[in-house]
Amino acid sequence: MSDSRQYILTNTRIATMQEGQDSYGLIPDGAIVVERDAILWSGSKADLPREYADAQVHSLDGRLITPGLIDCHTHIVFGGDRAREFEMRLEGASYEEVARAGGGIVSTVKATRDADLETLVAEALPRLDALIAEGVTTVEIKSGYGLDRETELNMLRAARRLAELRDVRVKTSFLGAHAVPAEYAGRADAYIDDVCIPALQAAHAEDLVDVVDGFCEGIAFDATQIRRVFEAAKALGLPVKLHAEQLSNIGGTQLAAEFGALSADHVEYATDDDAAALAKSGTVAVILPGAFYTLRETQMPPIDSFRKHGVPMALATDCNPGSSPMTSLLLTMNMGCTLFRMTPEEALAGVTRNAAQALGMTNQGQIAPGMRADLAIWDVKHPAELAYRIGFNPLHKRISGGAL
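Reading guide: rules and limits
- Residues numbered from 1 in each chain as written.
- Predicted model: local features only at pLDDT ≥ 70, side-chain atom pairs only at ≥ 80, totals over all residues.
- Heavy atoms only, no water.
- Pairing = 2+ DSSP bridges.
- Helix = DSSP H or I, 4+ residues; strand = E, 2+ residues; numbered from the N terminus.
- Axes fitted to C-alpha atoms, helices over the stretch in contact; angles between N-to-C directions.
- Contact = heavy atoms within 4.5 Å.
- Salt bridge = Lys/Arg side-chain N within 4 Å of Asp/Glu carboxyl O.
- Buried < 20%, exposed > 50% of the residue type's maximum accessible area, 1.4 Å probe, protein only.
- Phe/Tyr/Trp six-rings, centres within 6.5 Å; stacked < 30°, edge-to-face > 60°.
- UniProt positions renumbered as here; feature names shortened; annotations may be inferred.
- 1 Å grid on protein atoms, 1.4 Å probe; cavity = no way out; pocket = protein on both sides within 12 Å on 5 of 7 lines; lining within 4 Å.
- Polar contact = N/O pair within 3.5 Å; in protein donor to acceptor, adjacent residues only side chain to side chain.
- Points joined across faces, edges and corners; volume = space filled by probe spheres on them.
- Nonpolar A, V, L, I, M, F, W, Y, C, P; charged D, E, K, R; others polar.

Trainee: Can you walk me through the sheet that holds strand 12 (residues 284-287) in this structure?
Mentor: Strand pairing in a sheet relies on backbone hydrogen bonds, with the paired strands running either antiparallel or parallel. The parallel open sheet is built from eight strands, whose spatial order is 6-7-8-9-10-11-12-13. For this open sheet the edge positions go to strand 6 (69-71) and strand 13 (313-315), each flanked by a neighbour on one side alone. Ignoring which end each strand starts from, the neighbouring axes of this sheet average 25° apart. Bridge count between strand 12 and strand 13: three bridges; the pairing is parallel. From the neighbouring strand, Ile287 faces strand 13, where its bridge partner is Leu315. Its contacts with the sheet place helix 5 (residues 149-165) against strand 7 (136-142) and strand 8 (169-177), and it is angled at close to 170° to strand 8.

Below, the structure is given as structure tokens:
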């Protein structure tokens, strides 16, 4: 079917995931009218306006339909792998010990620098395809494994290329402030001035950047150094987000709130005061259970504080070669529930409505008139099944930009 035609999806349970609605915004016997890449109408089948009587009808035979899933935090473009470090951690080494021994992010830097653009794209495609196969229609992809001008740009070029090769929306994040490369060891400030900010400016000039990110942590950059990166992003008119409070609390969440960041991610060591600051700034807390699980962490993010203060919570795979080698957003939902006691409804909101907010995308993540027609159709009876099952993919069909 051409995506330029008007059609109706009917005989379906709809989880609209609209803001302010309870129980998933569930419509037991619903219909959705799509034209081109947008939703024209949605609601109860009994209330379908007569003006759409001539539209082509597709019965979903009682299946569930949700917004297309959104993975709002990934590092899927990289070279090499870090399976040996997985072994090291199981033998007792901590994440910090692996990093300080020359492993961690820095070990991926060498492999990524050695890979050309075509290799980066080819190696990322299977990871992207795994996400798409689970109903993902939008994915965020970060740089951050180049840590030099050309490789950072190449990673972002690869991310843009992936969007051309697959029917998926890609949002790019410049993460030059991810780690201090070996050639700048002990000179983090010089790296920010000599490499990170100039690379950001060059990537922006090439239209490769949608958002600017950073890693605010003891093994990476402090809040003062990240502030300089954020100020450079602000000068370019780019929004920001931040890896904050993953392994300790050094003020990253407060900095993210001060700059009105789209999101603060990880946030295991965030406090109640941090949650209040995020609520005031409208910043989304992105929960990343894959890294918590892989690193065998014990400090859980303050989910109750986020609830109390009304901080939107998103969930994402954090797909990366070291701390979260995971390409399943459905498993991420289950982990959010089992590890952090999020509810299945919070989990689904976390990969739809709140994930869209974490990327600054106002026309996605909900089923409502005017929203982009990114939809996922599931062979399940109730939305809770999406978070309940483990290692099971019930996707029936994915609709991206209205195209069946």
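Trainee: Just to check I follow, could you spell out the pattern of salt bridges for this structure?
Mentor: As a working rule, side chains carrying opposite charge can pair if their charged atoms are close by. One pass over the structure, following the stated rule, counts 26 salt bridges. The partner of Glu140 in a salt bridge is Lys142, with the nearest N and O atoms 2.5 Å apart. There is no split in this pair, since Glu140 and Lys142 are both buried. Connected via shared salt-bridge partners are Arg149, Glu150, Arg157 and Glu206.

Trainee: For this particular structure, what's the right way to read the packing of aromatic side chains?
Mentor: How two aromatic rings sit relative to each other is given by the distance of their centres and the angle of their planes. Counting across every chain of the model gives five aromatic pairs. Each ring, one from Phe230 and one from Phe259, has its centre 5.3 Å from the other, and the planes form 70°; the classification is edge-to-face. Of this pair, Phe230 sits in helix 7 (residues 223-235) while Phe259 sits in the loop between helix 8 (252-258) and strand 11 (263-266), placing them 29 residues apart in sequence. Since its relative accessible area comes to 0%, Phe230 is described here as buried. Look at Phe292 and Phe340: their rings are 4.9 Å apart centre to centre, the planes differ by 75°, and that puts the pair in the edge-to-face class. One end of the pair, Phe292, is in helix 10 (residues 289-294); the other, Phe340, is in helix 12 (residues 329-340), and 48 residues separate them in sequence. Phe292 gets classed as buried once you look at its relative accessible area, which sits at 8%.

Trainee: I tried to follow the UniProt feature "binding site: N-formimidoyl-L-glutamate" (unreviewed entry) in the protein chain on my own but got confused; where do I start?
Mentor: Feature annotation in UniProt assigns "binding site: N-formimidoyl-L-glutamate" (unreviewed entry) to the following positions: Tyr145, Asn320 and Gly322. Their sequence span is 178 residues, while the largest C-alpha to C-alpha distance among them is just 11.5 Å; these annotated residues converge on one region. None of the other annotated residues line the largest cavity; only Tyr145 and Asn320 do. Mapped onto the fold, Tyr145 is located in the loop between strand 7 and helix 5. The exposure class of Tyr145 is buried, given its relative accessible area of 2%. Counting through the fold element by element, Asn320 comes out in the loop between strand 13 and helix 12. Beyond its immediate chain neighbours, meaning those up to four positions away, Asn320 contacts His75, Phe78, Tyr145 and Pro325. Looking at Asn320, its side chain comes within polar contact range of the main-chain oxygen of Asp318, at 2.7 Å.

Trainee: Teacher, can you tell me more about the UniProt feature "binding site: Fe(3+)" (unreviewed entry) in the protein chain here?
Mentor: Summarizing the sequence annotation, UniProt attributes the feature "binding site: Fe(3+)" (unreviewed entry) to His73, His75, His243 and Asp318 in the numbering used throughout. Sequence-wise these annotated residues cover 246 residues; spatially they are packed, their C-alpha atoms never more than 12.4 Å apart. In the annotated group above, the largest cavity draws its lining from His75, His243 and Asp318. Take His243: its relative accessible area is 3%, and that puts it in the buried class. In contact with His243, not counting residues within four places along its chain, are His73, His75, Lys142, Leu175, Asp213, Gly214, Phe215, Cys216, Asp265 and His266. A polar contact is formed between the side chain of His243 and the side chain of His73, at a distance of 3.3 Å. Inspection of the secondary structure assignment puts Asp318 in the loop between strand 13 and helix 12. Judged by relative accessible area, Asp318 falls into the buried class, the value being 1%. Not counting chain neighbours up to four residues away, the residues in contact with Asp318 comprise His73, Thr74, His75, His266, Leu288, Ala291, Ser323 and Ser324.

Trainee: What is the right way to look at the pairing of strand 2 (residues 26-35) in this model?
Mentor: Regular strands place their side chains on alternate faces of the sheet. Pairing analysis gives eight bridges linking strand 1 (residues 6-15) to strand 2, with the strands arranged antiparallel. Each bridged residue has a counterpart across the sheet, and for Ile8 the counterpart in strand 2 is Val33. In this sheet, strand 3 (residues 38-44) lies alongside strand 2 in antiparallel orientation, the contact comprising six bridges. Looking at strand 3, one finds that Ala31 is bridged to Gly43. Hairpin remark: strand 2 followed by strand 3, antiparallel, with two residues in the connecting loop; positive phi at Arg36, about 55°.

Trainee: For this particular structure, what's the right way to read empty space enclosed by the protein?
Mentor: By rolling a water-sized probe across the atoms, one finds the places where empty space is left. Overall, the coordinates contain three cavities of 30 Å³ or more when judged by the stated rule. Counted as a void, the largest cavity has a volume near 100 Å³. As for the largest cavity, its lining consists of 13 residues, of which Tyr95, Ile105, His178, Asn320 and Ser323 are closest to the centre. Residue classes in the lining of the largest cavity are distributed as four nonpolar, seven polar and two charged. If you add up the space inside the second largest cavity, you get close to 40 Å³. Forming the walls of the second largest cavity are Pro67, Gly68, Ile70, Thr137, Gln364, Gly365, Gln366, Arg372 and Asp374. In the lining of the second largest cavity, the residues fall into two nonpolar, five polar and two charged.

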